[in-house]
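Breakdown of the fold
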Amino acid sequence: NMLIHFYDLFDKYLVKIFLGPIAIATYTIPQQLTGKLSIFSKGFSAFLLPTLSRRGGDTNSFNYTLEIFLKIIPILIFFIFPLYEIFLNFWLKNNYNETILTLTKIFSLCSIFSCVSHLLITKFEASKTLNRNLKIEFILMPFFLFALYYLTSNEFTLIQISFLILLKELILLFFRLNLLKK
């Protein structure tokens with residue numbers, strides 16, 4: 001949980017410090033909106049943890065839930081992509097811009113990867129193999145933080161910074177899926 005909060009807050013602080021308050025407002029609106037998707041994966045995780053922790057835990061429930069978040073949720077999100085512009089225009093009115101739309105789409109993908117990661121972490125917790133996941137996160141963290149610092153301090157765009165967040169989530173998901181396979 002500490003790493004999750006660190007990853008979630010550090011980018012906002014750097015954006016605010018180096019790019020200013022307007023940039024942080026533009027950046028956090030899509031991030032907070034799409035972050036609500038994690039409520040579902042955390043709910044599923046809370047249900048799955050006791051089930052998976054029992055001796056001979058029910059892996060069918062886990063596999064089915066993983067399939068929902070790898071196949072069904074992304075398809076639903078991709079279907080509503082065209083509605084993002086309408087929704088954001090209605091909600092933000094004069095404050096709407098293309099950067100917010102693009103960030104919302106990128107952070108939607110981040111949320112998909114993050115949700116699947118929540119489920120995988122739950123599986124690792126239940127099987128008491130979380131330490132491998134933590135090693136991966138600790139190894140990745142300095143590279144991510146350096147890249148994030150570099151992008152924000154050199155005034156790269158919010159889109160470029162969001163792609164770094166997406167890349168981090170994709171890398172973590174890739175390693176976690178490999179851990180699950182092993």
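For the structure, see preceding data.
Residues numbered from 1 in each chain as written. Predicted model: local features only at pLDDT ≥ 70, side-chain atom pairs only at ≥ 80, totals over all residues. Heavy atoms only, no water.

1. Overview of the state of the cysteines
Under the defined criterion, the tally for this structure stands at zero disulfides. Distance from the sulfur of C110, which forms no disulfide, to the nearest cysteine sulfur (C115) is 11 Å. By relative accessible area, which is 6% here, C110 ends up buried. (Disulfide = S-S within 2.5 Å. Buried < 20%, exposed > 50% of the residue type's maximum accessible area, 1.4 Å probe, protein only.)

2. Let's talk about the packing of aromatic side chains
Taken as a whole and judged by the stated rule, the model has seven aromatic pairs. Seen in terms of ring centroids, Y27 and F107 are 5.4 Å apart; in terms of plane orientation they differ by 85°. Their pairing is edge-to-face. Placement of the pair is Y27 in helix 2 (residues 21-35) and F107 in helix 5 (residues 98-126), with a sequence separation of 80 residues. In this structure F107 comes out as buried when scored by relative accessible area, which is 2%. Residues F174 and F175 carry aromatic rings whose centres are separated by 5.7 Å and whose planes lie at 65° to one another, so their mutual orientation is edge-to-face. (Phe/Tyr/Trp six-rings, centres within 6.5 Å; stacked < 30°, edge-to-face > 60°. Helix = DSSP H or I, 4+ residues; strand = E, 2+ residues; numbered from the N terminus.)

3. Quick look at the nonpolar core
Grouped together as the largest cluster of nonpolar side chains are 48 residues, with contacts concentrated most on V15, Y27, F62, F69, I77, L120 and F144. At the level of secondary structure, the elements contributing two or more residues to this core comprise helix 1 (2-19), helix 2, helix 3 (38-53), helix 4 (59-92), helix 5, helix 6 (130-153) and helix 7 (158-181). It is helix 5 that contributes the most residues to this core, 13 residues altogether. When neighbours within four sequence positions are excluded, I77 is seen to be in contact with L37, Y84, S108 and I112. (Core = buried A, V, L, I, M, F, W, Y, C linked by side-chain atoms within 4.5 Å. Contact = heavy atoms within 4.5 Å.)

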